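Chains, contacts and geometry: an overview
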Amino acid sequence: MPSDDRRSALIGALRYFRDLGVEEVLRPGPGGSDDAGLAASAASPASARPVEETSSGPGRETAGGDAVPAAATASDLAAVRAAVAACQLCRLAQTRTQTVFSDGTGKTRIMFVGEAPGADEDATGVPFVGRAGQLLTKMIEGGMGLSRQDVYIANVLKCRPPGNRNPEPDEIALCRPYLEAQVGLVAPAALVALGKFAAQFLLETEEPISRLRGRWGSYRGIPVMPTYHPSFLLRQPERKKEAWEDLLKVLERLGLPSPRRPGGAT
Ligand code: URA
């Protein structure tokens, strides 16, 4: 995605937050830390300006080949993280312990999208750290031969639905600009949609995950591979082979080597 498009995606998201009453966005300080920062009011039009003015840093190549200043991406992601941390747009703000924004630096070619935080994620603020998260880590490390640090992980919802119930349509709609901004800023070469909610969100369809999985789709020009959610695979371990095949398609598409199948042929 060209950097102008990425910048306008972020500005659009920040304007949306402002219109919906998010009053404060914290921007990182000169050290570039994700959470520290200088307060900028999101309630005034000036709120988007510092994001437009982010400094450049060492560049990286996106999937599309355009050079993106890495420092700008990190600080823009930090601005969205801060907006999420302050979010009061839906009922989940009343019941969450904390928001759960992402794991990973954002300098990656592969982005995983899950459904919503569970109890462990709500307690730690990090996505996919509970049982399903441990399986996801195994899928990334054992199944794909990557390190978890090599990828970026986020969810459709940033707050835990009480009792781990399914996300409600209005919660998904209100949270949408946050994930849109994350995808726009990370600009991965491929998205992996984990389960029905992520796949239906990214592909704008109501088709069941059983029909979507294993078939490439597209989100704003970025290839999307839908696969089963790790929680489903914990309940139905016999479906892990299909999920592994889906992940191999991602490696193949990105020209990355496939690890050997445990105990045999690739
Ligand atoms: N399930 C998800 O979809 N996301 C998480 O972060 C954890 C469990």
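Above this text is the structure in question.
Parameters and conventions
- Residues numbered from 1 in each chain as written.
- Predicted model: local features only at pLDDT ≥ 70, side-chain atom pairs only at ≥ 80, totals over all residues.
- Heavy atoms only, no water.
- Helix = DSSP H or I, 4+ residues; strand = E, 2+ residues; numbered from the N terminus.
- Buried < 20%, exposed > 50% of the residue type's maximum accessible area, 1.4 Å probe, protein only.
- Contact = heavy atoms within 4.5 Å.
- Areas by Shrake-Rupley, 256 points an atom, 1.4 Å probe, with all protein chains shown as cover.
- Polar contact = N/O pair within 3.5 Å; in protein donor to acceptor, adjacent residues only side chain to side chain.
- Expected span 1.5 Å × (residues − 1).
- Bend = angle between axes of the 7 residues up to and from the residue.
- Core = buried A, V, L, I, M, F, W, Y, C linked by side-chain atoms within 4.5 Å.
- Near = heavy atom within 4 Å.
- Nonpolar A, V, L, I, M, F, W, Y, C, P; charged D, E, K, R; others polar.
- Pairing = 2+ DSSP bridges.
- Axes fitted to C-alpha atoms, helices over the stretch in contact; angles between N-to-C directions.

Points about the overall build of the chain
- If you tally the helices and strands in the chain, you get eleven helices and nine strands.
- Scored against the burial criterion, the 266 residues of the chain give a buried share of 50%.
- Here the analysis covers contacts within the chain between residues at least 6 apart in sequence; of these, 66% occur between residues at least 24 apart.
- On the chain, roughly 11900 Å² of surface is accessible, and the fraction owed to carbon and sulfur atoms is 49%.

As for the environment of Glu 245
- With respect to the helices and strands, Glu 245 occurs in helix α11 (residues 240-253).
- Residue classification places Glu 245 among the partly exposed residues on the basis of a relative accessible area of 29%.
- Along the primary structure Glu 245 and Thr 227 are separated by 18 residues, whereas in three dimensions their C-alpha atoms are 9.3 Å apart.
- One polar contact links Glu 245 to Lys 241, side chain to side chain, over a distance of 2.6 Å.

As for helix α6 (residues 131-143)
- The terminal C-alpha atoms of α6, which comprises 13 residues, lie 17 Å apart, in line with the 18 Å expected from a rise of 1.5 Å per residue.
- Within two residues after α6, Gly 145 carries a phi angle of roughly 75 degrees, on the positive side.

Examining helix α7 (residues 169-186)
- Its 18 residues give α7 an end-to-end C-alpha distance of 25 Å, which sits within 8% of 26 Å, the value for a rise of 1.5 Å per residue.
- Where α7 bends most, at Cys 175, the angle is about 45 degrees, and the proline Pro 177 comes one to four residues later.
- Of all 18 residues in α7, 13 are buried; the element is thus mostly enclosed.

Some thoughts on the nonpolar core
- Core analysis: the largest hydrophobic core is formed by 62 residues, its most contacted members being Ile 110, Met 111, Phe 112 and Leu 191.
- Ranked by residue count, the leading element in this core is α7, at eight residues.
- Dropping the residues within four chain positions of it, Phe 112 is found in contact with Leu 136, Ile 140, Met 144, Val 151, Tyr 152, Ile 153, Ala 154, Val 192, Leu 194 and Leu 247.

Examining the site of the ligand
- Every residue near the ligand is listed here: Gly 114, Glu 115, Ala 116, Glu 121, Pro 127, Phe 128, Asn 155 and His 229.
- Note that a nitrogen atom of the ligand is positioned 3.0 Å from one of the backbone N or O atoms of Ala 116.
- The separation between an oxygen atom of the ligand and a polar side-chain atom of His 229 is 2.8 Å.
- When the ligand is considered free in solution it has 230 Å² of accessible area, and contact with the protein chains removes 92% of it.
- Considering only residue class, the shell around the ligand consists of three nonpolar, three polar and two charged.

What about the sheet that holds strand β8 (residues 217-219)?
- Strand order in the open sheet formed by five strands is β6-β5-β7-β9-β8, with mixed pairing between adjacent strands. At either end of the open sheet lies a strand with only one pairing partner, and these are β6 (152-155) and β8. Neighbour to neighbour, the strand axes of the sheet diverge by 30 degrees on average, direction disregarded.
- Pairing analysis gives four bridges linking strand β7 (residues 190-194) to strand β9 (residues 222-227), with the strands arranged parallel.

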